[in-house]
Amino acid sequence: MYLILIGCEYAGTTTLAHAISEWSKENLGTEFKLIHDHYKLPDTKPHGAELTPEDIAAFQQLSPRLTEVIQRHNLYYHTPWASGSDDNFMGIGLYFEELVYAPKYYGYGGRGQEGDRGKISRLLEQRILQFRPDAVLVLLHAAPAVIRKRMAQSPHPYPVVPEEDVEHISQRFEEEYENSLIQRKFTLDTSTASVAESVADFAAKIQPYLTAGDLLRQELQRGKAA
């Protein structure tokens, strides 16, 4: 399974990604060993040890040019480059977060700028569709008032989206979702749904997009539970 989860910060992408991994383990007998969540700067969430405050401070001192290069390499590293792999992949934000956040908050990647993220993202999507045609895009939506409430109740250590930008950023993710070349896609509304309810919604909506291998694993798991 190749999943890309996108949505405005605080829409619930990270929380739901881990819950989906647990659902996959229980229902398909396979999990996502790594959840790639590296695109909200400066907290790029490397696998292994978390970034220290000193690491974060050093990253924040980088110029937009250097940050652009690092993130461009990050994007290409997390994009399939050969056929034949059916390994599970879960990407949070991926190039969509660079499309939305980089020009507005990070100082690079806008139209005509160095590392134009519109052009790069289209190339990355073409590569994904070539090598992982099973890719599924999932947009998480939450009402602006709900997002602002989550911001106040559980603030991120290094937030990206200020309160006044919630509507604009939510709209930008919806635009890029609609513009995406990936046609295997659906939306989830996390405004009032619990994590369990969102996972159940995901489980129903992902069903038409499960591969033959996924379906076989699902049947085997059902047989074990019977």
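Residues numbered from 1 in each chain as written. Predicted model: local features only at pLDDT ≥ 70, side-chain atom pairs only at ≥ 80, totals over all residues. Heavy atoms only, no water.

Caption draft 1: How the structure looks around the packing of helix α3 (residues 64-77) against helix α5 (residues 117-131). Running from N to C, α3 and α5 cross one another at 15°; their axes reach a closest spacing of 11 Å. Regarding the angle of α3 to α5, the classification is roughly parallel. Two packed elements cross with a definite hand, and for α3 against α5 that hand is right-handed. In this structure, α3 contributes Glu68, Gln71, Arg72, Leu75 and Tyr76 to the contact, and α5 contributes Arg117, Ile120, Leu123, Leu124 and Arg127. In terms of residue class, the contact of α3 with α5 is made up of five nonpolar, one polar and four charged. (Axes fitted to C-alpha atoms, helices over the stretch in contact; angles between N-to-C directions. Helix = DSSP H or I, 4+ residues; strand = E, 2+ residues; numbered from the N terminus. Parallel < 35°, antiparallel > 145°, perpendicular 65-115°, else oblique. Left-handed = near helix turned anticlockwise from the far one by under 90°. Contact = heavy atoms within 4.5 Å. Nonpolar A, V, L, I, M, F, W, Y, C, P; charged D, E, K, R; others polar.)

Caption draft 2: Geometry of the side chain of Asp214. Relative to the elements of secondary structure, Asp214 occurs in helix α9 (residues 212-225). Of note is the side chain of Asp214, whose polar atom sits 2.8 Å from the side chain of Arg217. With sequence-adjacent residues up to four places away left out, Asp214 is seen in contact with Met1 and Leu28. (Polar contact = N/O pair within 3.5 Å; in protein donor to acceptor, adjacent residues only side chain to side chain.)

Caption draft 3: Local environment of the pattern of salt bridges. Per the stated rule, a full pass over the model turns up 14 salt bridges. Here Glu68 makes a salt bridge to Arg65, at a shortest N to O gap of 2.9 Å. Here Glu68 pairs with Arg65, and both are found in helix α3, just three residues apart, close to one helical turn. Assessed through its relative accessible area of 1%, Glu68 is described here as buried. On the basis of relative accessible area, Arg65 is assigned to the partly exposed category, the value being 42%. Between Arg222 and Glu219 there is a salt bridge whose closest N-O contact spans 3.0 Å. Pair noted here: Arg222 and Glu219 are both in helix α9, with a separation of three residues, about one helical turn. A relative accessible area of 48% places Arg222 in the partly exposed class. What emerges from the salt-bridge pattern is a single network uniting Arg65, Glu68, Arg72, Glu98, Glu114 and Arg117. (Salt bridge = Lys/Arg side-chain N within 4 Å of Asp/Glu carboxyl O. Buried < 20%, exposed > 50% of the residue type's maximum accessible area, 1.4 Å probe, protein only.)

Caption draft 4: Looking closely at the pairing of strand β3 (residues 89-92). Every second residue of β3 is oriented toward a common face, with Phe89 and Gly91 on one face and Met90 and Ile92 on the other, all of them buried. Note that strand β2 (residues 35-36) and β3 share two bridges and pair parallel. Within β3, the position partnered with His36 by the bridge is Gly91. (Pairing = 2+ DSSP bridges.)

Caption draft 5: Expanded view of the environment of Gln126. Assignment of secondary structure puts Gln126 in helix α5. Sequence separation of Gln126 and Arg72 is 54 residues, and the distance between their C-alpha atoms is 16 Å.

Caption draft 6: How the structure looks around the sheet that holds β2. Across the sheet, five strands lie side by side as β2-β3-β1-β4-β5; this open sheet has parallel pairing. In the strand order of this sheet, the two ends are held by β2 and β5 (185-189), each with one partner. With respect to the sheet, helix α4 (residues 94-106) is in contact with β1 (2-6), β3 and β4 (135-141), its orientation differing from that of β1 by roughly 25°. Sheet contacts for helix α8 (residues 195-206): β1, β4 and β5; angle to β5, the most-contacted strand, approximately 160°.

Caption draft 7: Representation of the nonpolar core. The biggest cluster of nonpolar side chains holds 35 residues, and the ones touching the most others in it are Ile4, Ile6, Leu94, Tyr95, Tyr101, Val161 and Phe173. Where this core is concerned, the elements lending two or more residues are β1, α4, α5, β4, α6 (144-153) and α7 (166-179). Counting residues per element, this core draws most heavily on α4, at eight residues. For Ile6, the residues in contact, after removing those within four places along its chain, are Thr13, Gly93, Phe96, Leu137, Val138, Leu139, Leu140, Phe173 and Tyr177. Counting 24 residues, the second largest nonpolar core, distinct from the first, contains Ala17, Leu188, Val199 and Phe202. (Core = buried A, V, L, I, M, F, W, Y, C linked by side-chain atoms within 4.5 Å.)

Caption draft 8: Focus on the packing of aromatic side chains. Counted under the stated rule, the structure contains eight aromatic pairs. When the ring of Phe186 is compared with that of Tyr209, the centres are 6.2 Å apart and the planes differ by 5°; the resulting orientation is stacked. Here the residue Phe186 occupies a position in strand β5, and Tyr209 occupies one in the loop between α8 and α9, the gap between them amounting to 23 residues. For Tyr209, a relative accessible area of 22% gives the class partly exposed. Across the ring face of Tyr177, the terminal group of Lys185 is positioned such that the distance to the ring centre comes to 4.8 Å. (Phe/Tyr/Trp six-rings, centres within 6.5 Å; stacked < 30°, edge-to-face > 60°. Lys NZ or Arg CZ within 6 Å of the ring centre and 35° of its normal.)

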